[in-house]
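Commentary on secondary and tertiary structure
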Amino acid sequence: MKDRALLQSVWKRSPSLLYRAVLWAIRLVMLVVVPRNRTPAAAQAWLLLVFSSPWLGLLLYALIGNRKLTRWRRQFQYEIDQALAIVMQYAHDDPQMQPLFDYDLSPTCQQIENLARRLGGMAAFAGNSVTLLPDYNQSIQTIIADIDAATTQIHLLYYIFGTDATGNAVRDALLRAARRGVKCRVLVDAIGSYKSTHTLLTTLRVAGVATHVTLPVQFIARERTRFDLRNHRKIIIIDNQIGYTGSQNIVDATYKHTMIHQELVVRVTGPVVLQLQAVFAGDWYLETGEQLFDQLQLDTKHLPIVSGTATVQVLASGPTYETNNNLLLFTNLFYYAQKRVVIVTPYFIPDESLLTAIESAALRGVEIHLIVSKIADQFMVSRAQRSYYTELMAVGVHIHMMNPPTLLHAKHLSIDDQIAVIGSSNLDMRSFQLNLEAMLIIYDKQITCALQAIEYDYMQRSMELNLEVWNKRPFTEQFLEDTLRLMSPLL
């Protein structure tokens, strides 16, 4: 009877024991899986979630745990970069191509150029003209004017392409170009432009514009990936001679109603436009299977037009790469800086390596300014990033918060008087690991000084934080910021 009672007792408890065994199995398996190819901070955040709530952690990891795109996309990106490196080497060895490499960079600039070339496969090109467009409406009007003057082709890749007044104005310019025989190709992100995709692309397709969405959310085996890996690039190439990139989407400056977006767009002409074309061609092929790489030839029959004196380089980054290209670029820029760095970004969540680089630069006497917005469009991210302000100000970093109603959405850096970096990448883990981004690296004193003038204007429209006053903010705010910081590797 005692043995029977014992068996019945064990049987009644077995579901509970089995459930606990499964929970611990999940924890132990994730303890092995999670740290692979992941920063310690990100691994700690995931394991904290898994150990505190195994089922929730397992579900979220299945949805968003893999921060790389599919293997075939990464393999193709590798092949593109290898091909670009070969083309660059042939061009460098060709005497007739020497105008492309006719520049004398400082030791610092040369080190950054070497790094970006190894990461993205594209060397710096001389002979470019660069125009900075900080005015929202002016940049749109300039783009429309160039589209209206196009004669052969237009390639456009944007995270957000809206159907408001701004989006419709650019759309109408594309329709006019298509009617006069210009070959137009348009790529928009499946999530960023989801509100306008059907209406916009249908209208363009009817007019003969080739259109496609990038990274559509699919669940078949070949394309299964996390839904928040996005193409965040903003690129236009017109007639293979004019290029645009920067932070601005094709949407009204007030599309978030109570906020007015402050952006920076850069217009370039010259050989570097071919590098923007290479980024577009890769994305276009991955989504459509159509090859445009014949437009990227560098030989005596396809000499690029020299239009200025600036030396410029494109660095693409994202989850198709095995390395975090933009994070490595930014980190090295801070280590090489000697006098002054200005960081402009709407989202600032550095990893440990980037935070160390910034603090190290400040401690050795580099004047560092971080310009962000006082208002925010992403609650969790904005609160997490504020948790870094105290330690940054403690080592001498100047933090400026732009006054409402402006939302500072521009993304750029100036390093000393030598280097300007402008593009689509924020200084946060999403841009470092999850988004496809593109940055222009400009090795030119005149352009860097022009960018510094824009940055000075931002500072004049901002309030600089005071460490003593900042530390007196309510405890509840500090607690929330510090708590969300724990999740910053996942934001």
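Below you will find a few notes about this structure. Everything numeric here is computed off the predicted structure, so don't read it as measured data. (Residues numbered from 1 in each chain as written. Predicted model: local features only at pLDDT ≥ 70, side-chain atom pairs only at ≥ 80, totals over all residues. Heavy atoms only, no water.)

Our focus in this paragraph is the overall build of the protein chain. Of the regular secondary structure elements, the protein chain holds 17 helices and 18 strands. A compact globule built from 491 residues would reach a C-alpha radius of gyration of about 23 Å, and the protein chain, at 25 Å, matches this within 12%. Principal-axis analysis of the C-alpha atoms gives the protein chain an extent of 95 × 55 × 50 Å. Restricting to contacts in the protein chain with at least 6 residues of sequence separation, those with at least 24 account for 80%. Counting only carbon and sulfur atoms, one obtains 58% of the accessible surface of the protein chain, whose full area is about 21,700 Å². (Helix = DSSP H or I, 4+ residues; strand = E, 2+ residues; numbered from the N terminus. Rg over C-alpha atoms; globule rule 2.2 N^0.38 Å. Contact = heavy atoms within 4.5 Å. Areas by Shrake-Rupley, 256 points an atom, 1.4 Å probe, with all protein chains shown as cover.)

Along the polypeptide, aspartate 428 turns up in the loop between strand E16 (419-423) and helix H14 (429-434). The charged side chain of aspartate 428 is buried without a salt bridge, its nearest counter-charge being arginine 430 at 5.6 Å. Ignoring anything within four residues of it in the chain, the contact list for aspartate 428 reads Tyr347 and Ile349. (Buried < 20%, exposed > 50% of the residue type's maximum accessible area, 1.4 Å probe, protein only. Lys, Arg positive; Asp, Glu negative; His and termini not counted. Salt bridge = Lys/Arg side-chain N within 4 Å of Asp/Glu carboxyl O.)

Moving on, we get to the environment of arginine 74. Inspection of the secondary structure puts arginine 74 in helix H4 (residues 71-93). In the structure, arginine 74 is positioned 32 residues away from alanine 42 in sequence and 22 Å away in space, judged by C-alpha atoms. The residues contacting arginine 74, other than those within four sequence positions of it, are Lys68, Leu69, Pro319, Thr320 and Glu322.

Turning to helix H6 (residues 136-149), a few remarks are in order. Its 14 residues place the ends of H6 21 Å apart at the C-alpha level, agreeing with the 20 Å of an ideal helix rising 1.5 Å per residue. Among the residues making up H6, those that are buried are Tyr136, Ser139, Ile140, Ile143, Ile144, Asp146 and Ile147. Along the long axis of H6, the arc covered by the buried residues comes to 165°, so they all point the same way. Those residues of H6 that are exposed and aimed more than 90 degrees away from the buried face are Asn137, Gln141 and Ala149. By the N-cap criterion, in which a side-chain oxygen at the helix start approaches the backbone nitrogen of a residue two or three places on, H6 is capped by aspartate 135, the distance to asparagine 137 being 3.3 Å. (Expected span 1.5 Å × (residues − 1). Arc of directions from axis to C-beta. Polar contact = N/O pair within 3.5 Å; in protein donor to acceptor, adjacent residues only side chain to side chain.)

As a further point, take the pairing of strand E10 (residues 310-317). The buried count for E10 comes to eight of eight residues, which makes it a mostly enclosed element. Burial of E10 is two-sided: the residues Ala310, Val312, Val314 and Ala316 facing one way and the residues Thr311, Gln313, Leu315 and Ser317 facing the other way are all buried. Note that strand E1 (residues 125-133) and E10 share two bridges and pair antiparallel. Looking at the pairing, phenylalanine 125 lines up with valine 312 of E10. As paired elements, E10 and strand E17 (residues 435-443) share seven bridges and run antiparallel to each other. Opposite alanine 316, over in E17, you have alanine 438 as the bridge partner. (Pairing = 2+ DSSP bridges.)

Take the pattern of salt bridges next. Oppositely charged side chains can form a pair if their charged atoms are brought close together. The final tally for this structure, using the stated rule, is 16 salt bridges. Between aspartate 189 and arginine 230 there is a salt bridge whose closest N-O contact spans 3.0 Å. Of this pair, aspartate 189 sits in strand E3 (residues 183-189) while arginine 230 sits in strand E5 (residues 230-231); the two residues are 41 residues apart in sequence, bridging distant segments of the chain. Residue arginine 230 is classed as buried on the basis of its relative accessible area of 6%. The residue aspartate 228 makes a salt bridge to arginine 430 at a minimum N-O spacing of 3.3 Å. Here aspartate 228, found in the loop between strand E4 (210-214) and E5, pairs with arginine 430, found in helix H14; they are 202 residues apart in sequence, far enough to count as distant. Judged by relative accessible area, aspartate 228 falls into the buried class, the value being 11%.

Attention now goes to the layout of surface pockets. Taken as a whole, the largest pocket encloses approximately 940 Å³ of empty space. Tyr159, Ile160, Gly192, Tyr255 and Lys256 are the residues nearest the centre of the largest pocket, which is lined by 36 residues in total. The greatest single-element share of the lining of the largest pocket, amounting to three residues, is contributed by helix H12 (residues 379-386). Of the residues contributing to the lining of the largest pocket, the split by class is 14 nonpolar, twelve polar and ten charged. (1 Å grid on protein atoms, 1.4 Å probe; cavity = no way out; pocket = protein on both sides within 12 Å on 5 of 7 lines; lining within 4 Å. Points joined across faces, edges and corners; volume = space filled by probe spheres on them. Nonpolar A, V, L, I, M, F, W, Y, C, P; charged D, E, K, R; others polar.)

Scanning all chains against the criterion turns up six aromatic pairs. With 5.5 Å between their ring centres and 45° between their planes, tyrosine 389 and tryptophan 470 make a pair best called tilted. In this pair, tyrosine 389 is assigned in helix H13 (residues 389-394) and tryptophan 470 in helix H16 (residues 467-470), connecting sequence segments 81 residues apart. Residue tyrosine 389 shares its accessibility class with tryptophan 470, and that shared class is buried. (Phe/Tyr/Trp six-rings, centres within 6.5 Å; stacked < 30°, edge-to-face > 60°.)

Locating tryptophan 55 in the fold gives a position in helix H3 (residues 54-64). Separated by twelve residues in sequence, tryptophan 55 and arginine 67 have C-alpha atoms that sit 20 Å apart. For tryptophan 55, the contacting residues outside a window of four places in its chain are Tyr19, Val22, Leu23 and Ile26.

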